[in-house]
Amino acid sequence: MKSFNQDLVSSPDVSLVIEGMTCASCVGRVERALKAVPGVQSASVNLATEQATVQLSNEVERSALVLAIQNAGYAVLPENPVELNIEGMTCASCVGRVERALLAVPGVQSASVNLATERASIVADNSLNAGALIAAVEKAGYQASLIEATSSDEAAAQRRDAELSILHRDLLIAAVLAVPVFVLEMGSHLIPGMHEWVVATLGMQTSWLLQFVLTSIVLFFPGLRFYQKGLPALWRREPDMNSLVAVGTLAAYGFSLVATFAPSLLPSGTITVYYEAAAVIVTLILLGRYLEAKAKGRTSEAIKRLVGLQAKTARVRREQTVIDIPIADVISGDIVEIRPGERIPVDGAVVEGISFVDESMITGEPVPVEKGLHAAVVGGTVNQTGALAIKATAVSGATVLAQIIRMVEQAQASKLPIQAMVDRITMWFVPAVMGLATLTFLIWFFFGPDPALTYGLVNAVAVLIIACPCAMGLATPTSIMVGTGRGAEMGILFRKGEALQLLKEAKVVAVDKTGTLTEGKPALTDMTVADGFLRDEVLAKVAAVEAKSEHPIARAIVAAAEQAGLVLPAVTSFESVTGFGVRAAVSAAGVETCVEIGADRYMTKLGLDPSMFASIATQLGDEGKTPLYAAIDGKLAAIIAVADPIKTTTADAIRALHALGLKVVMITGDNRRTGEAIARKLNIDEVIAEVLPDGKVEAVKRLKRDYGRLAYVGDGINDAPALAQADVGMAIGTGTDVAIEAADVVLMSGSLKGVSNAIALSKATIGNIRQNLFWAFVYNCALIPVAAGALYPVNGLLLSPVFAAGAMALSSVFVVGNSLRLKKFQPPFGMDKKQ
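What this report covers is the structure whose coordinates are included nearby. It should be emphasised that the depicted structure is a prediction, and the values quoted were computed from it without experimental measurement.

Concerning the packing of helix α7 (residues 204–220) against helix α9 (residues 241–261)
With their axes 11 Å apart at the nearest point, α7 and α9 run at an angle of 150° to one another. Taken together, the axes of α7 and α9 are roughly antiparallel relative to one another. As for how α7 packs across α9, the hand of that crossing is left-handed. Of the residues in α9, those touching α7 at Gln205, Trp208, Leu209, Phe212, Thr215, Ser216, Leu219 and Phe220 are Thr249, Leu250, Tyr253, Leu257, Ala259, Thr260 and Phe261. Grouping the amino acids of the contact of α7 with α9 by side-chain chemistry returns 10 nonpolar, five polar and no charged.

Description of the environment of Lys824
Relative to the assigned elements, Lys824 resides in the segment after α30 (801–820). Between the C-alpha atom of Lys824 and that of Val482, which follows or precedes it by 342 residues, the distance is 9.8 Å.

Quick word on the packing of helix α8 (residues 224–235) against α9
The geometry of α8 relative to α9 is characterised by a closest axis approach of 7 Å and an angle of 105° between their N-to-C directions. As the angle between them shows, α8 and α9 are arranged roughly perpendicular. Note on element contacts: α9 touches α8 through Asn242, Ser243, Val245, Ala246, Val247, Thr249 and Leu250, opposite Phe226, Tyr227, Lys229, Gly230, Leu231, Ala233 and Leu234. Along the lines of polarity and charge, the residues of the contact of α8 with α9 split into nine nonpolar, four polar and one charged.

Things to note about a nonpolar patch on the surface
Together, Leu436, Leu439, Leu442, Ile443, Phe445, Phe446 and Phe447 give the surface a local cluster of nonpolar side chains, amounting to about 730 Å² of exposed area. Relative to the helices and strands, Leu442 resides in helix α14 (residues 417–447).

Some points on the sheet that holds strand β21 (residues 508–512)
The pairing of strands in a sheet comes from backbone hydrogen bonds and takes either a parallel or an antiparallel form. Reading across from one edge, β20-β32-β31-β30-β21-β28-β29 is the order of the seven strands in this open sheet, with mixed pairing throughout. With partners counted over all chains shown, the strands left at the sheet margins are β20 (492–494) and β29 (686–688), one partner each. Strand-to-strand twist in this sheet, taken as the mean axis angle between neighbours without regard to direction, amounts to 20°. Pairing geometry for β21 and strand β30 (residues 710–714), over four bridges, is parallel. The residue bridging Val508 from the neighbouring strand is Leu710, located in β30. Contacts from helix α24 (residues 672–682) reach β28 (663–667) and β29 within the one sheet, and its direction differs from that of β29 by about 155°.

Side note on the nonpolar core
Judged by nonpolar contacts, the single largest core of 140 residues is most densely connected at Leu84, Leu102 and Met730. Contact partners of Leu84, with chain neighbours within four places excluded, come to Leu102, Glu118, Arg119, Ala120, Ile122, Leu133, Ile134, Val137, Ala144, Ser145, Leu146 and Ile147. Ala544, Ala560, Val571 and Ala637 belong to the second largest nonpolar core, which has 28 residues in total.

Quick look at the packing of aromatic side chains
Evaluated as defined, the whole model comprises 15 aromatic pairs. For the pair Phe255 and Tyr274, a centre-to-centre distance of 5.8 Å together with 55° between the ring planes defines the contact as tilted. Here Phe255, found in helix α9, pairs with Tyr274, found in the loop between α9 and α10 (275–299); they are 19 residues apart in sequence, far enough to count as distant. Overall, the relative accessible area of 14% leaves Tyr274 in the buried class. Through pairs of rings, three or more aromatic residues link up here, namely Phe212, Phe220, Tyr227, Tyr253, Phe261 and Tyr275. Taking NZ or CZ as reference, Lys605 lies 4.4 Å from the ring centre of Phe580, over its face.

Some words on helix α2 (residues 62–71)
Every buried residue belonging to α2 is among Arg62, Leu65, Val66, Ala68 and Ile69, and all of these are buried. Buried residues of α2, seen end-on, are gathered within an arc of 160° and therefore sit on one face of the element. Directly after α2, the chain includes Gly73, whose backbone phi takes a positive value near 100°.

Let's talk about unusual backbone geometry
The linkage connecting Asp450 with the following residue, Pro451, adopts the cis geometry, with an omega of -10°. Looking at the secondary structure, you find Pro451 in the loop between α14 and α15 (452–466). One non-glycine residue, Glu319, lies in positive phi territory at about 50°. On the accessibility criterion, Glu319 (76% relative accessible area) is exposed.

A few points about the pattern of salt bridges
Side chains bearing opposite charge may pair, as long as their charged atoms lie close to each other. Taken as a whole and judged by the stated rule, the model has 20 salt bridges. Close ionic contact of Arg583 with Glu596 constitutes a salt bridge, the shortest N to O distance being 3.1 Å. Note that Arg583 is positioned in strand β24 (residues 581–588) and Glu596 in strand β25 (residues 591–598), a separation of 13 residues in sequence. Accessibility expressed as a relative area gives 27% for Arg583, which makes it partly exposed. Linking Arg702 and Asp706 is a salt bridge whose minimum nitrogen-to-oxygen distance equals 3.3 Å. With Arg702 and Asp706 both in helix α25 (residues 693–707) and four residues apart, this pair spans about one turn of that helix. Residue class for Asp706 comes out partly exposed when judged on its relative accessible area of 46%. Overlapping salt bridges, with partners in common, bring together Glu505, Lys704, Arg709 and Asp727 in one network.

Quick notes on the rules
- Residues numbered from 1 in each chain as written.
- Predicted model: local features only at pLDDT ≥ 70, side-chain atom pairs only at ≥ 80, totals over all residues.
- Heavy atoms only, no water.
- Axes fitted to C-alpha atoms, helices over the stretch in contact; angles between N-to-C directions.
- Helix = DSSP H or I, 4+ residues; strand = E, 2+ residues; numbered from the N terminus.
- Parallel < 35°, antiparallel > 145°, perpendicular 65-115°, else oblique.
- Left-handed = near helix turned anticlockwise from the far one by under 90°.
- Contact = heavy atoms within 4.5 Å.
- Nonpolar A, V, L, I, M, F, W, Y, C, P; charged D, E, K, R; others polar.
- Patch = residues over 30% accessible without salt bridge, like charges linked within 9 Å, V, L, I, M, F, W, Y side chains within 5 Å.
- Areas by Shrake-Rupley, 256 points an atom, 1.4 Å probe, with all protein chains shown as cover.
- Salt bridge = Lys/Arg side-chain N within 4 Å of Asp/Glu carboxyl O.
- Pairing = 2+ DSSP bridges.
- Core = buried A, V, L, I, M, F, W, Y, C linked by side-chain atoms within 4.5 Å.
- Buried < 20%, exposed > 50% of the residue type's maximum accessible area, 1.4 Å probe, protein only.
- Phe/Tyr/Trp six-rings, centres within 6.5 Å; stacked < 30°, edge-to-face > 60°.
- Lys NZ or Arg CZ within 6 Å of the ring centre and 35° of its normal.
- Arc of directions from axis to C-beta.

Have a look at this one:
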């Protein structure tokens, strides 16, 4: 049986996931705590990834490492929470019951159960056997099975299909048998002369006996599920929706049995049967369950579509031949051939060919992207025009598509803060309903008109049946499933479900500049040389020096020289002057010259006066460009401007954020003049410039204090701490893995428009949840009094248990159907033009 953790750690390297760290001092505290554990050789803690890597000199109990971190004031989580399939849940009270059972297991830190996905996610901080969790669930009256990390969604789909098939069979049986019962008993109310015909042909006693036989089959074959689950829950004093149905139908059935076989036990005037109520109630509730199960299957269609995008086979070069092999057999490094029109099977890099690839399933952008030599391609995207050969770089569960599927599944299984209110209510809802039903019976029995017993029974049964909390339990998870699935289709991945709710509440959006507002690829835009110098000669020497650096600005200068067709001279020495610039010796045509490149402060340090370029530098700064200076052999030779072009979609995206009533703030490590120039061009409300990664965290904290909920958008490693600090961190999907891991939402397209669309989707989803909850609560609050007979003194209206059953089934179907409307959500800012 699987366990969460093996307590005794003998591997030289141990990785721990830590919760609660917020700054560099937290990192130091955790590292010191770990190093103090006997057997620990070294410990390294990463704030951005929230992970500690511990090197051991000998065997150490994992619990000792966990305890050391906990004593330092932080929590340790397992890298992968255990997932369980839960069978037998029918309503929100079932969810609460399973969660309480799991939380009662020693070592369980948290447990979240989702009614729509029928899954439980359990996090523990101790070594714990999964068998204890399964036993706890079974003791609570449900079935549980472990979901292995490698298990296929096909098994879950097959289980749902089998359940739907059984429901369909039982519904047909119940309907076929319930119709004659209903006609025999209620036909006289619908068809003139029906009652007389039944009495004359069958006789009333024979009619009741026939109804007894048919109803007994309905209740104890297709309806048996209600009694198998509902009655044990009642004995445990934890009644659920099945308990309401079981008690209600058995009350009607039991009263009918007495009227049929022992009528002398009943008061005069009360001898009648309610077989039709019991049979039709079971049939209608089975109909509701069937429609609900069918609709719930549609809420996970986004996952099914994503899984369907995975290719089944790949054409791979092996031993001088090309063979078709199952996708699972492809290994990293394989050369895979893709013909025009085929789906790319794995992530990789192009090694042969040029083509256009439709990446809309990943980014939401409809325009195909050109792919040439060394270009990265993503598994699941569609090759269009040309033949390609790619080298596999990620296969199986490591592909981008597999990661997207995992993200969507995790978001769909999560629980929003708004659900906490529902959970609190449903904990007492069913017992309260049973109390109301008992009170209804007593009031009618003691104070109602004759036949009081009959009125009391009928109205109590109506209260029990109409008050099922199914709709409450489905209101939130179904909307989350459909909303996050629609987001995935638009290239918006909610890694955490709660981001859906928090994003709607955002008051300010803070954005990083480089790679978020801009392309993240600086280009040489301006170059002015001093008198006595030639432009191409200076550019060639500067590019030769910058070729030794990996800095984006350096690469931009080198690219400009290459595009001009210049031959770069040899560099005989190279030195980086920390905080100022670079110095190198360049040899051309046998002549060696000294080249020094850096900011104006570097030129001043060298004793050169950059003021000769002052007007040009001011103009460049006002245009948002970064000025650099070059000196050759001790003379100021040129001023160079490198700019990071603003993305074509950025201006529209900022306008869209303003249209949503949001304040937009740019946080950048660039100089203030450049930042303010870009802000003016884009109409950004506030600029926080010249900040280091720690400064970004402090800026986020300050903005949260000043404005409220904050969403931060970034793409780099240096954005990870700020992404984690924000209420909602949003990573540009074209950015670094670390930034994506630290974020709550990932925008796969790389466009800032995704922020506006994500916020709009958040508002639509939370609005949908509130509609569902309003319906679920108002429905119960309004109809329970009606079912109890509150309108009888006013207009003589009573609600039949049969109609109560129909209304109850309709409420759940309404909630799921309303959630499915989110599938048609259209992004307001033109990202998804495929639709």
